[in-house]
Amino acid sequence: MPHSTEDKLAINELVSRYNMAMDHLQAPDWAGTFTDDGELVIDGKTVAKGKAALTAMVETAAKGVYRGRHWVCNSIIDGDGSTARLRMYVLSFAINDGIVPRVMGEYDDTLVKQDGQWKFKTRSITFCAGKSGIVK
Amino acid sequence: MPLSLEEKQAITELTATYNFTIDHHEAEAWADTFVADGELRVDGKSQCKGRQGRIDFVNKAKASGYKSRHWVCNMLIDGEGNTARLRMYVMAVAIVNGIDPYVIGEYDDTLVKVNGAWKFHTRNVTFAAGKSFTDGGLQGIPAIPRQ
């Protein structure tokens, strides 16, 4: 069955929570947007997989100099039932000193609905300009 | 009862109206996105409150030479019945001289539904980078005293 409008809104709200948790360096909340075996892939390489590794990644970022804001648009959600594919643009700004566009790219994600809640199974981002402020 | 999709869409459209009207200096239309005693708070302080106060604020902004466009994303709407909480990012881009993203922040607002229409009760913006034009964040644009 194709996704309902409620499902698509829930996925877009998941994206908002992902961005807010990352930008405020709230590691458990951010990791909680993934499934337990969820994976973050950047430019084709696995950066973190599993709740512990995802949490540790943001905890490490919080100790460093990363201060950013994620801006997204062009959300396209496909799929049916309890699985979904999300594609969207992202533009991340560094806010350490003024407002500086740091990196731009596109997500191509796989999500699953577990116990009535959408989660990222794989967040896969490919950058087209700039460099990640979190992952070296 | 949790907010329906229709309620969330109406709140999203209210936000668009807020942005269009402030950016085009439509003082009365902007003031009417709030309830009568609605308030705009900037970094924890009241900027303007009450319909006349809000109209005066936009007219002062227009007179100052302030021109910008508001860009928003990461919307989260919670609530039930006739009250709602809206959180979202905002980036204001000055267009006085080129395209200058001069301030970035987050709203954490309270809204109420009055006579079938959603309105802001309190718009509360906290900036993470840059400074509001109301506090002199834009070179050449005088600060606008708080009400």
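Now for a look at the structure at hand. (Residues numbered from 1 in each chain as written. Chains lettered and ligands numbered in written order. Predicted model: local features only at pLDDT ≥ 70, side-chain atom pairs only at ≥ 80, totals over all residues.)

### Here we look at the interface of chain A and chain B
Piece 1. Taken together, the contacts link 16 residues of chain A with 12 residues of chain B.
Piece 2. Elements with a minimum of two residues in the side of chain A that touches chain B: α1 (5-23) and β3 (68-80) of chain A.
Piece 3. With 8 residues, α1(A) is the largest single contributor of residues to the side of chain A that touches chain B.
Piece 4. In terms of residue class, the side of chain A that touches chain B is made up of 8 nonpolar, 4 polar and 4 charged. (Contact = placed C-beta atoms within 7 Å. Helix = DSSP H or I, 4+ residues; strand = E, 2+ residues; numbered from the N terminus. Nonpolar A, V, L, I, M, F, W, Y, C, P; charged D, E, K, R; others polar.)

### Comments concerning the sheet that holds strand β2 (residues 45-49) of chain A
Residues and elements named next belong to chain A.
Piece 1. The mixed open sheet is built from 6 strands, whose spatial order is β2-β1-β6-β5-β4-β3. Across the chains shown, the open sheet's two edge strands, defined by having one partner strand only, are β2 and β3. For this sheet the average axis-to-axis angle between neighbouring strands, irrespective of direction, equals 20 degrees.
Piece 2. Contacts from α1 reach β3, β4 (83-94), β5 (100-114) and β6 (117-130), with the element oriented near 155 degrees to β3.
Piece 3. Sheet strands in contact with helix α3 (residues 51-63) are β1 (34-42) and β2, and its direction is about 100 degrees off that of β2. (Pairing = 2+ DSSP bridges. Axes fitted to C-alpha atoms, helices over the stretch in contact; angles between N-to-C directions.)

### What to know about helix α3 (residues 51-64) of chain B
Residue and element names in this part refer to chain B.
Piece 1. Compared with the 20 Å implied by 1.5 Å per residue over 14 residues, the 20 Å span of α3 between its first and last C-alpha is a close match.
Piece 2. Residues R54, F57, V58 and A61 constitute the buried set of α3. Taken end-on, α3 shows its buried residues confined to a sector of 90 degrees, consistent with a single buried face. Summarising the geometry of α3, the exposed residues directed more than 90 degrees from the buried face are Q52 and A63.
Piece 3. Looking at the buried side of α3, the elements it contacts are α1 (5-23), α2 (27-31), β1 (34-42) and β2 (45-49).
Piece 4. Looking one or two places after α3, you find G65, whose phi comes out positive at around 95 degrees. (Expected span 1.5 Å × (residues − 1). Buried ≥ 20, exposed ≤ 12 C-beta atoms within 10 Å, placed from the backbone. Arc of directions from axis to C-beta.)

### With respect to the nonpolar core
Piece 1. Within the largest apolar cluster, 39 residues are counted, with the highest numbers of intra-cluster contacts made by B:I11, B:W30, B:V58, B:A84, B:L86, B:I104 and B:L111.
Piece 2. Residues contacting B:A84, with those up to four places away along its chain left out, are B:L3, B:I11, B:I77, B:D78, B:G79 and B:L111. (Core = buried A, V, L, I, M, F, W, Y, C linked by C-beta atoms within 7 Å.)

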